[in-house]
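# Summary of the model geometry
Take a look at the letters that make up each chain.
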Amino acid sequence: VRLQASGGGLVQAGDSLRLSCATSGASLNYYAVGWFRQDLGKEREFVAAVSWSTKKADYGDSAKGRFTIYRGDAKNTVYLQMNNLKPEDTAVYFCAATLASYNRIYFQASEYNYWGRGTLVTVSS
C-alpha cells in the first residue's frame with residue numbers, strides 16, 4: 001500500500017486545514033489508518049486513528065475537540081480535518097496504515113506497516 005499525505009500549508013492560528021491520505025490504485029478497506037506528526041527535535045506523536053469499519057476513532061490529547069478523522073466516500077482516502085489550529089500544531093504530518101480487524105485502531109507508530117511521506121503544516125501566531 002502506497003500512501004500519500006497532502007493538504008498541508010501555511011496558515012494562521014485559528015484557521016482550518018484538511019489533510020488527505022490517499023492510496024493510488026488500491027483501497028484502504030481492511031486497513032486501520034492513523035495520523036501522526038513530528039516537529040523538529042521531537043518524537044513522533046499520535047494524532048488520530050480510525051478503524052476500517054469507520055465505527056471507531058480516537059485522538060491524541062492535542063487533537064481532541066479540534067480534529068476529526070474520517071474516511072471519504074472513495075475507498076482510498078482518509079481525511080484529517082483540523083480546526084482552530086494553533087502554533088503548537090506546526091509539524092510534519094504523516095499518515096500510516098496497517099491491516100486490522102474490524103474495529104481495531106492503533107496508537108503506536110510501531111504498529112503501522114505502511115507510511116506515506118509527510119505533509120508540512122505551519123501555523124503562525
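Residues numbered from 1 in each chain as written. Predicted model: local features only at pLDDT ≥ 70, side-chain atom pairs only at ≥ 80, totals over all residues. Heavy atoms only, no water.

## Some thoughts on the state of the cysteines
Enumeration according to the criterion identifies one disulfide in this entry. Residue cysteine 21 pairs covalently with cysteine 95 via a disulfide, S to S 2.2 Å. Taking the sign of the S-S torsion, 75° for the link of cysteine 21 and cysteine 95, the bridge is right-handed. You can see cysteine 21 sitting in strand β3 (residues 17-23) and its partner cysteine 95 sitting in strand β9 (residues 91-99), a full 74 residues away along the chain. Each member of the pair, cysteine 21 together with cysteine 95, is buried. (Disulfide = S-S within 2.5 Å. Helix = DSSP H or I, 4+ residues; strand = E, 2+ residues; numbered from the N terminus. Buried < 20%, exposed > 50% of the residue type's maximum accessible area, 1.4 Å probe, protein only.)

## What to know about the nonpolar core
Judged by nonpolar contacts, the single largest core of 27 residues is most densely connected at Trp35, Val47, Phe67, Ile69, Leu80, Met82 and Tyr93. Only β1 (3-6), β3, β4 (31-38), β5 (45-50), β7 (67-71), β8 (77-82), β9 and β11 (119-124) provide two or more residues apiece to this core. Residue contributions to this core peak at four residues, all from β9. The contacts of valine 47, once residues within four sequence positions are left out, are Trp35, Phe36, Arg37, Asp58, Tyr59, Gly60, Ala63, Phe67, Leu80 and Tyr93. Membership of the second largest hydrophobic core comes to nine residues, among which are Ala32, Ala100, Tyr106 and Tyr112. (Core = buried A, V, L, I, M, F, W, Y, C linked by side-chain atoms within 4.5 Å. Contact = heavy atoms within 4.5 Å.)

## Overview of the packing of aromatic side chains
For the coordinates displayed, the defined rule picks out 10 aromatic pairs. With centroids separated by 5.1 Å and ring planes inclined at 85°, the aromatic side chains of tryptophan 52 and tyrosine 102 adopt a geometry described as edge-to-face. Placement of the pair is tryptophan 52 in the loop between β5 and β6 (57-59) and tyrosine 102 in the loop between β9 and β10 (114-115), with a sequence separation of 50 residues. A relative accessible area of 41% means that tyrosine 102 is categorised as partly exposed. Taken together, the ring pairs in this structure connect Phe36, Phe46, Tyr106, Phe107, Tyr112 and Trp115 into an aromatic cluster. Here the guanidinium or amino end of arginine 18 rests over the ring plane of tyrosine 79, the centre of that ring lying 4.0 Å away. Geometry around phenylalanine 94 places arginine 44 over its ring, the cationic atom sitting 4.0 Å from the centre. (Phe/Tyr/Trp six-rings, centres within 6.5 Å; stacked < 30°, edge-to-face > 60°. Lys NZ or Arg CZ within 6 Å of the ring centre and 35° of its normal.)

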